Amino acid sequence: MYQKSIEEAKKRLFNGELVIFPTETVYGIGGNANNNASVELIYKTKNRPFNNPLICHFANIDEIEKNFILKDKDYELANTFWPGPMTLILEKNKESKISSLLSNQKSFVGCRIPNNETALDLLSKLDFPIAAPSANIATRTSITSIKDLDNNLKNIFYIDGGSSVLGLESTVLKTNTKGCDILRLGSLTVEQIKNKFKDYFIEIINTKMSPGSQKKHYAPNKKIRINALDVNENEALLNFGQNNLTSNIKSLNLSIKSDLVEASYNFYNFINILDQTECNTIAVVPIPNHGLGKTINDRLKRASYNDG
Ligand code: TXA
Ligand code: MG
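Because the structure is a prediction, the values reported are computed rather than measured. (Residues numbered from 1 in each chain as written. Chains lettered and ligands numbered in written order. Predicted model: local features only at pLDDT ≥ 70, side-chain atom pairs only at ≥ 80, totals over all residues. Heavy atoms only, no water.)

This part takes up the packing of aromatic side chains. Counting across every chain of the model gives six aromatic pairs. Between Phe14 and Phe128, the aromatic rings sit 5.2 Å apart at their centres with planes inclined by 75°, giving edge-to-face as the arrangement. Residue Phe14 is located in helix α1 (residues 2-14), and its partner Phe128 is located in the loop between α5 (117-124) and β7 (130-131); the two are separated by 114 residues in the primary sequence. The exposure class of Phe128 is buried, given its relative accessible area of 7%. An angle of 35° between the planes, with centres 4.6 Å apart, marks the rings of Tyr43 and Phe50 as tilted. Overall, the relative accessible area of 1% leaves Tyr43 in the buried class. In textbook terms, an aromatic cluster arises when at least three aromatic residues are bridged by ring pairs, as seen for Phe81, Phe197 and Tyr200. One Lys or Arg, Lys73, reaches over the ring of Tyr200 and ends 5.4 Å from the middle of that ring. Looking at Lys174, its charged tip hangs above the ring of Phe108, at a distance of 4.4 Å from the centre. (Phe/Tyr/Trp six-rings, centres within 6.5 Å; stacked < 30°, edge-to-face > 60°. Helix = DSSP H or I, 4+ residues; strand = E, 2+ residues; numbered from the N terminus. Buried < 20%, exposed > 50% of the residue type's maximum accessible area, 1.4 Å probe, protein only. Lys NZ or Arg CZ within 6 Å of the ring centre and 35° of its normal.)

Right, dumping it as structure tokens:
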């Protein structure tokens, strides 16, 4: 069964089709990164603007070296955090065959080696990298299990790999002479990087360069009210830690024991469940703003952004 779906996915990717596959962060919707038509198909399917670049997934660092120029700090981070939830922005070399459509004609591309057996197994059977954004329609929430897949994406071939073990997207970063800039907060925390590289100067920048950092993003259909200290009549509740709050529609607790790792794992799934209820708003209690909590707060802020 498993081998059969890997074979099928491989066949489809070779034919230029798209495949939804698991990673340790969230599910990806992937295509052949060297094939312009496949890359274009990803953008069209997700309804994603072409100026928001895609992440390229690789089986190992040798494959990345064939396509990119890596500096000392890139190697330091790569050797420490790959395979894992880190996307490094690297400059393409002259030999690279990666479609320029993938990075809006720019030479800097987000690269990552996912820490998921299925994803690595599939990648190792291909002679091209997989271009893959998260498997959701643009501006909507990422998914951490196939049951949360958007109806509009259900006709695409998928590999069911169960629940994503981390639950929040990769951290997107770019190295410089002093350390690195974080372009999108994610599953790899600033604290984890600081811990390994004490001398790094790390800056969290909210740049237009990472359009996944645009204001309205990661949003469910229902409105989100953040930092809620009470719950209104028509609100579902996304809770965290121990308190007396409850909703007459539905309450879910990201982590009763206030564990941010558990909260990250539950985050998108719980948002999706509450989104299906009769509520008109999801009230979310304050989440501690450190470690993975910083990433959760970043997603909540964008999801609650009201663009009218
Ligand atoms: O965990 C993840 O990163 C998942 C899994 C499937 O790997 N992928 C994912 O991809 O979340 P996506 O496309 O939904 O988000 C990619 C983020 C966006 O914020 C995008 O703007 C940024 O990475 N990004 C990608 N390439 C970039 C580049 N060349 N320069 C700046 N930002 C880039
Ligand atoms: Mg995304």
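Picking up where we left off.
Now for the domain arrangement of the chain. Each domain of the chain was delimited in the assignment, giving domain 1 (2-204) and domain 2 (223-303). Distance from the C-alpha centre of domain 1 to the C-alpha centre of domain 2: 27 Å. Across the boundary between the two partners, domain 1 contributes 21 residues, which contact 15 residues of domain 2. Carbon and sulfur atoms make up 57% of the area that domain 1 and domain 2 hide from each other, which totals about 1400 Å². Sorting the residues of domain 1 by area buried against domain 2 places Thr141, Leu168 and Leu185 first, and these three jointly supply 36% of that buried surface. The interface formed by domain 1 and domain 2 contains one salt bridge. (Domains from an automatic or database assignment. Contact = heavy atoms within 4.5 Å. Buried area = accessible area lost by both parts, 1.4 Å probe. Salt bridge = Lys/Arg side-chain N within 4 Å of Asp/Glu carboxyl O.)

Glancing now at the nonpolar core. Grouped together as the largest cluster of nonpolar side chains are 45 residues, with contacts concentrated most on Ile20, Ile64, Phe68, Leu77, Leu102 and Ile193. Not counting the four nearest positions on each side in its chain, Ile20 is found in contact with Tyr27, Gly28, Ile29, Ala135, Ile146, Leu149, Leu153, Ile156, Phe157, Tyr158 and Ile159. Membership of the second largest hydrophobic core comes to 27 residues, among which are Phe240, Ala263, Phe267 and Leu274. (Core = buried A, V, L, I, M, F, W, Y, C linked by side-chain atoms within 4.5 Å.)

The next subject is the site of ligand 1. Neighbouring ligand 1 are 27 residues, the closest being Thr25, Arg48, Asn52, His57 and Ser170. Separating a nitrogen atom of ligand 1 from a backbone N or O atom of Phe108 is a distance of 2.9 Å. Within the contact set of ligand 1, an oxygen atom lies 2.9 Å away from a side-chain nitrogen or oxygen of Arg112. When isolated, ligand 1 has an accessible area of 680 Å², and the protein chains bury 98% of it. Contributions of two or more residues to the shell around ligand 1 are made by β3 (55-57), β6 (108-112) and β10 (179-184). Element by element, the count of residues in the shell around ligand 1 is highest for β6, at four residues. Here the residues of the shell around ligand 1 are counted per class, giving 14 nonpolar, nine polar and four charged. (Near = heavy atom within 4 Å. Polar contact = N/O pair within 3.5 Å; in protein donor to acceptor, adjacent residues only side chain to side chain. Areas by Shrake-Rupley, 256 points an atom, 1.4 Å probe, with all protein chains shown as cover. Nonpolar A, V, L, I, M, F, W, Y, C, P; charged D, E, K, R; others polar.)

Tracing the backbone shows Val261 in helix α7 (residues 260-275). Overall, the relative accessible area of 54% leaves Val261 in the exposed class. Measuring from C-alpha to C-alpha, the distance between Val261 and Gly167 comes to 8.9 Å, with 94 residues separating the pair along the chain.

Taken together, four strands build an open sheet; the order of strands is β12-β15-β13-β14 and the sheet is parallel. Pairing within the sheet leaves two strands with one partner each, and these edge strands are β12 (223-225) and β14 (251-253). Ignoring which end each strand starts from, the neighbouring axes of this sheet average 20° apart. Strand direction decides the pairing type here: strand β13 (residues 235-239) and strand β15 (residues 281-284), joined by four bridges, are parallel. Bridge pairing links Leu238 to Val284 in β15. The sheet contacts of α7 involve β12, β13, β14 and β15, and relative to β13 the element is tilted by about 165°. (Pairing = 2+ DSSP bridges. Axes fitted to C-alpha atoms, helices over the stretch in contact; angles between N-to-C directions.)

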